[in-house]
Amino acid sequence: MTAEKPTSQPVEEVWTVKRILDWTTDYLARQGSAAPRLDSEILLAHARQCQRIELYTQYESRLTDGERAIMRDLVQRRAKAEPVAYLVGFREFFSLAFEVTPDVLIPRPETEMLVVNVLERAKGQTGLNVLDLGTGSGCIAVSIAANHPNMNVVAVDISPRALDVARRNSERHGVDDRIQFLEGDLFEPLTSKRTFDFIVSNPPYVAEGDLGTLPEDVRLHEPHSALLAGGKGLDVLQRLIHQAPGFLNPSGWLLVEIASEQAQDVVSEFAATGFSGVECEKDLSGQIRCVRGRKT
Ligand code: GLN
């Protein structure tokens, strides 16, 4: 009798979309990612140059060798806590796609509150202007300009490399004709005669001692100059609040993002500087995130 043929051949590994998503999700979860499935989907969509939603109809589709190589590199970098937004070069904010690089803070959803606050107050009005201090990626400035028909914006940042990113984002969203970009520290590049209806800012506000408590992604990869502001995280906020009245029109608004534990100090600072109707607003997780007041 001849020997029986083996009934099963060694199965060649077939890397379908579904299989690689499942594998990557499991791997990134073990490496400490807070949202491993989402990370996997965004990275795979980037490697395949498709929309994330398209993956759901491509579950059985096989990856090309090129896509697998790109994905392997992205997953290794993600496992070392590189933020997904830097890996793919984009982050969505206020329903717009923003280019991001390690020169700018990655836009956070809670910062959309500042944009909503300005747009609500400017609705239906013409001839208004906004100053965005520490614009970073330009997400606040661009979202305001893109969602109001005629507001003009001045966007300031101390980092010329951040301004390059912000400028490209304004071009991408067709609002570069209404945003002026200036390099400098807070109000420094402005003449004191220039005044605004709104001053808005998401400044650095993390207390230096809290650096170690930030998630690895943030701590190891995002620009510390956009995060840290002295012992209580208030150094930049204090300077900004004190100088703001000199650059606001009568009844003009100052709106800033803060950490919730800074609310009392910041509200006192607003009041001591002569702002009226000072209010705090909580973000979706119930933390005070925005303080606003009006020049009297
Ligand atoms: N909310 C950000 C963080 O905790 C800090 C942003 C900022 O300092 N402007 O990572």
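For the structure, check the block above.
Structural notes, computed from the coordinates. (Residues numbered from 1 in each chain as written. Predicted model: local features only at pLDDT ≥ 70, side-chain atom pairs only at ≥ 80, totals over all residues. Heavy atoms only, no water.)

Here we look at the overall build of the chain
Here is step 1 of the chain: If you tally the helices and strands in the chain, you get ten helices and nine strands.
Here is step 2 of the chain: If one aligns the C-alpha atoms of the chain with their principal axes, the spans along those axes are about 100 × 40 × 30 Å.
Here is step 3 of the chain: In the chain, buried positions account for 50% of the 296 residues.
Here is step 4 of the chain: Put simply, 64% of the contacts in the chain that link residues at least 6 apart link residues at least 24 apart.
Here is step 5 of the chain: Of the roughly 14900 Å² that the chain leaves accessible, carbon and sulfur atoms contribute 50%.
Here is step 6 of the chain: Taking the average place of the 32 positive charges on the side chains of the chain and the average place of its 42 negative ones, the gap between the two points comes to 2 Å. (Helix = DSSP H or I, 4+ residues; strand = E, 2+ residues; numbered from the N terminus. Buried < 20%, exposed > 50% of the residue type's maximum accessible area, 1.4 Å probe, protein only. Contact = heavy atoms within 4.5 Å. Areas by Shrake-Rupley, 256 points an atom, 1.4 Å probe, with all protein chains shown as cover. Lys, Arg positive; Asp, Glu negative; His and termini not counted. Charge placed at Lys NZ, Arg CZ, Asp CG, Glu CD.)

A look at the pairing of strand E7 (residues 248-257)
Walk down a regular strand and you will see the side chains alternate between the two sheet faces.
Here is step 1 of the chain: Taken across its ten residues, E7 has eight buried, putting it largely inside the fold.
Here is step 2 of the chain: The pairing of strand E6 (residues 196-201) with E7 spans five bridges and is classified as parallel. Opposite Ser201, over in E7, you have Val256 as the bridge partner.
Here is step 3 of the chain: Of the pairings in the sheet, the one linking E7 to strand E9 (residues 288-295) comprises five bridges and is antiparallel in character. If you follow Leu255 over to E9, its bridge partner there is Arg292. (Pairing = 2+ DSSP bridges.)

Here's the deal with the nonpolar core
Here is step 1 of the chain: Counting residues in each nonpolar core, the largest one holds 30 residues, and the members touching the most others are Val118, Val130, Ile144, Met151, Ile179, Phe198 and Val200.
Here is step 2 of the chain: Contributing elements (two or more residues each) for this core: strand E2 (96-99), helix H5 (112-122), helix H6 (139-146), strand E4 (152-157), helix H7 (160-172), strand E5 (179-183), E6 and E7.
Here is step 3 of the chain: Once residues lying within four places of it in the same chain are set aside, the contact partners of Phe198 are Val118, Arg121, Ala122, Leu128, Asn129, Val130, Leu131, Met151, Leu248, Trp253 and Leu255.
Here is step 4 of the chain: In this structure, Phe196, Val236, Leu248 and Val266 belong to the second largest nonpolar core, which totals 29 residues. (Core = buried A, V, L, I, M, F, W, Y, C linked by side-chain atoms within 4.5 Å.)

Considering the site of the ligand
Here is step 1 of the chain: Around the ligand sit Leu105, Arg108, Asn202, Pro203, Pro204, Tyr205, Val206, Val218, Ala226 and Leu227, and those are all the residues in its vicinity.
Here is step 2 of the chain: Residue Arg108 places a side-chain N or O atom 2.7 Å away from an oxygen atom belonging to the ligand.
Here is step 3 of the chain: At a separation of 2.7 Å, a nitrogen atom of the ligand approaches a polar side-chain atom of Asn202.
Here is step 4 of the chain: Contact with the protein chains covers 87% of the free accessible surface of the ligand, which is 300 Å².
Here is step 5 of the chain: For the shell around the ligand, the per-class residue count stands at eight nonpolar, one polar and one charged. (Near = heavy atom within 4 Å. Polar contact = N/O pair within 3.5 Å; in protein donor to acceptor, adjacent residues only side chain to side chain. Nonpolar A, V, L, I, M, F, W, Y, C, P; charged D, E, K, R; others polar.)

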